[in-house]
Amino acid sequence: MKKVALTLAALTLLTTAQARTWAEIKQSGTIKIATEGAFPPFNLLKGKELTGFEVELANALAKGLGLKVQWVTQPFDNLLIGLGQDRYDFVIASHGITPERLKAVDFTNPHYCTGGAVVTKPGGPMNAAALKGKTVAVQVGTTYLENVRKVPGLKDVKTFPKDTDAQAALMAGRVDAWVGDKFTGLDLVKAQKGKVVQGDLLFNEKIGMAVKKGNSSLLKELNAALAKALSNGTYAKLSTQYFGTDVRCK
Ligand code: ARG
């Protein structure tokens, strides 16, 4: 009888598992971080290696906190859901800090500032006004989708599971424009050598790391680790390496 009761208690514990607090993470020695791995140059899989600005930044933050890292990759649209299910301790995947997302998760101080930009073929629509009557590609679940929907008179918005698929739709001529991150867009322009051009920014955003709502002990440590990286040169070095400029919020 005792055995059954114990098993049930263990089961209840499992199903109502709480996000790991800072003390629990610290004690385990390993932090579990999730990202997408398909959003260059921020997080991407190069062969089997997970890399990018955010991956390297998170590795540096974990090192500063004295922790090993266990990485998890998930489709972008699943990342915050998995956080709510305690599958990992935090998410770093270029999430813009929006009122909508703040209802579900807590965000660290921003780890970079950016904007959503229009990218098109030469002669194509370069700004919100020119997008009237046009078809636009965006990654699903993103602030690009949210903001593109606000542009009046669009003909159609096509959503793709991955941002790189949305870019491919532009290259293949299946849409008139792609809206994505301004730094990602600059990389695409460079890689495509004159075949695409970057137009205006449709909006600006602050990008943060997400922890489960209410996990204030972890949030505090991540903010402290980020502040340290911002002040000791670690951040500046990484940012210059990836972007040739410092992308911190000013
Ligand atoms: N910054 C945009 C947003 O907040 C796009 C993020 C996309 N991130 C990714 N890993 N694909 O929605």
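Shown above is the structure to which this text applies.
Just so it is clear, the model here is predicted, and its values are computed rather than measured.

Criteria and cut-off values
- Residues numbered from 1 in each chain as written.
- Predicted model: local features only at pLDDT ≥ 70, side-chain atom pairs only at ≥ 80, totals over all residues.
- Heavy atoms only, no water.
- Helix = DSSP H or I, 4+ residues; strand = E, 2+ residues; numbered from the N terminus.
- Rg over C-alpha atoms; globule rule 2.2 N^0.38 Å.
- Buried < 20%, exposed > 50% of the residue type's maximum accessible area, 1.4 Å probe, protein only.
- Contact = heavy atoms within 4.5 Å.
- Phe/Tyr/Trp six-rings, centres within 6.5 Å; stacked < 30°, edge-to-face > 60°.
- Disulfide = S-S within 2.5 Å.
- Salt bridge = Lys/Arg side-chain N within 4 Å of Asp/Glu carboxyl O.

Engineer: Would you mind showing me how to read the overall build of the chain here?
Structural biologist: Along its length, the chain carries 10 helices and 12 strands. On C-alpha atoms alone, the chain measures out to a radius of gyration of 20 Å, which is about the 18 Å that the 2.2 N^0.38 rule sets for 250 residues. For the C-alpha atoms alone, the extent of the chain along its principal axes is close to 75 × 45 × 35 Å. In the chain, which comprises 250 residues, the proportion classed as buried is 44%. For the chain, the proportion of contacts with a sequence separation of at least 24, taken over those separated by at least 6, is 68%.

Engineer: I tried to follow the packing of aromatic side chains on my own but got confused; where do I start?
Structural biologist: One pair of aromatic rings is described through two measures. These are the centre distance and the angle between the planes. As enumerated under the stated definition, the model contains 10 aromatic pairs in all. Each ring, one from Phe-183 and one from Phe-243, has its centre 5.0 Å from the other, and the planes form 50 degrees; the classification is tilted. Highlighted residues: Phe-183 in helix H8 (residues 182-192) and Phe-243 in helix H10 (residues 234-243), separated in sequence by 60 residues. The class for Phe-183 is buried, based on a relative accessible area of 12%.

Engineer: Help me understand the state of the cysteines, please; the structure alone is not making it clear to me.
Structural biologist: Among covalent bonds in proteins, the disulfide is the one between the sulfur atoms of two cysteines. Summed over all chains, the structure comprises 1 disulfide. Between the sulfur atoms of Cys-113 and its disulfide partner Cys-249 the distance amounts to 2.1 Å. Note on the Cys-113 and Cys-249 pair: the S-S dihedral is about 100 degrees, so by sign convention the disulfide is right-handed. Of this pair, Cys-113 sits in strand S8 (residues 112-120) while Cys-249 is found in the segment after H10, placing the two residues 136 residues apart along the sequence.

Engineer: In this structure, what is going on with the environment of Ala-227? I would like to understand it.
Structural biologist: Relative to the helices and strands, Ala-227 is located in helix H9 (residues 216-231). Taking the C-alpha atoms as reference points, Ala-227 and Leu-61, 166 residues apart in sequence, are found 9.7 Å from one another.

Engineer: Could you clarify how one ought to interpret the pattern of salt bridges in this entry?
Structural biologist: Where charged atoms of side chains with opposite charge meet at close range, the side chains can pair. A complete count under the given rule lists 6 salt bridges for this structure. The partner of Lys-158 in a salt bridge is Asp-156, and the shortest N-O contact between them spans 3.3 Å.

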